[in-house]
Amino acid sequence: MDAATAWGLGLTILGTVASIWGAIISIQQAVASKKSASEAKRATQQMVNQRRTSDLAELKVHCERAQKSMEKYGPGASAMSLSGINPDNDAADVRTLLLEANKNRESFHRGEVDIFVVKISPLLDMFVHGKERTRIQQNGKAVLMEVSNFLAVVKSSHDAKRESTSAEA
């Protein structure tokens, strides 16, 4: 074998080793990149879950505020104890709750917001436009019960979201 052939063979071997080494480094970089992308996706999902948990906590506050506004119409109320009431003012917190619930619709899985809106909207209209104290009290009590039921749904969703966020951390 002459010197030129030996040099050519040596360069070929050296090039092959460099190519193999480059391929190994590329594979390592691809694995690291895939791991980083997976971690970024997990972090993004965790941030979304934390935001939804925060939104549900805020919705829970709106539920409690609406419930507090409507408590005077509850089961223990009498038509006589409702003198000087203003149903429109009392319904304001429930209207705010409806708006907030619709904004947080994606935090619920089984259409609970739609069910709540369908049930409470006519009750709220009858409550606000009622003329007789007994009808106002009955409709107010029905609104209170629906708000209380929805509060239970919100609490359940909030607790589940909080637990899943804690498990991801």
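Residues numbered from 1 in each chain as written. Predicted model: local features only at pLDDT ≥ 70, side-chain atom pairs only at ≥ 80, totals over all residues. Heavy atoms only, no water.

A count of helical and extended segments in the protein chain gives 4 helices and 0 strands. Counting from the amino terminus, helix and strand elements in the protein chain follow one another as α-α-α-α. For 169 residues, the compact-globule estimate of 2.2 N^0.38 gives 15 Å, and the C-alpha radius of gyration of the protein chain, at 32 Å, exceeds that figure by more than 25%. Each principal axis of the C-alpha atoms in the protein chain carries an extent, and together these give about 115 × 25 × 20 Å. Relative to its full complement of 169 residues, the protein chain shows a buried share of 31%. Taking the intrachain contacts of the protein chain between residues at least 6 apart in sequence as the baseline, contacts between residues at least 24 apart amount to 78%. Per element, the accessible surface of the protein chain, about 10,700 Å² overall, is 59% carbon and sulfur. (Helix = DSSP H or I, 4+ residues; strand = E, 2+ residues; numbered from the N terminus. Rg over C-alpha atoms; globule rule 2.2 N^0.38 Å. Buried < 20%, exposed > 50% of the residue type's maximum accessible area, 1.4 Å probe, protein only. Contact = heavy atoms within 4.5 Å. Areas by Shrake-Rupley, 256 points an atom, 1.4 Å probe, with all protein chains shown as cover.)

The next subject is the packing of aromatic side chains. Taken as a whole and assessed by the stated rule, the structure comprises 3 aromatic pairs. Aromatic pair tyrosine 73 and phenylalanine 127: ring centres 4.8 Å apart, planes at 85°, arrangement edge-to-face. Residue tyrosine 73 is found in the loop between helix H1 (3–70) and helix H2 (87–103), and its partner phenylalanine 127 is found in helix H3 (residues 112–128); the two are separated by 54 residues along the sequence. With respect to burial, tyrosine 73 and phenylalanine 127 carry one shared label: buried. On the numbers, 4.1 Å between centres and 10° between planes, the contact of phenylalanine 116 with phenylalanine 150 is stacked. (Phe/Tyr/Trp six-rings, centres within 6.5 Å; stacked < 30°, edge-to-face > 60°.)

Counting residues in each nonpolar core, the largest one holds 26 residues, and the members touching the most others are Leu59, Val94, Leu97, Phe127, Val143, Val147 and Phe150. When residues no more than four places from it in sequence are discounted, the contact partners of leucine 97 are Leu59, His62, Cys63, Ala66, Phe116, Val147 and Phe150. (Core = buried A, V, L, I, M, F, W, Y, C linked by side-chain atoms within 4.5 Å.)

Once that is clear, we can look at a nonpolar patch on the surface. Taken together, Met1, Leu9, Ile13 and Val17 make up a surface patch of nonpolar side chains, about 440 Å² in accessible area. Summarising the element assignment, methionine 1 is placed in the segment before H1. On the accessibility criterion, methionine 1 (77% relative accessible area) is exposed. (Patch = residues over 30% accessible without salt bridge, like charges linked within 9 Å, V, L, I, M, F, W, Y side chains within 5 Å. Salt bridge = Lys/Arg side-chain N within 4 Å of Asp/Glu carboxyl O.)

A few words now on the pattern of salt bridges. With the rule as written, the count across this model stands at 6 salt bridges. We note a salt bridge from lysine 68 to glutamate 71, for which the minimum N-O separation is 3.8 Å. For aspartate 88, the salt bridge goes to arginine 95, with nearest N and O atoms at 2.8 Å. The partly exposed category is assigned to aspartate 88, whose relative accessible area is 39%. A relative accessible area of 34% means that arginine 95 is categorised as partly exposed.

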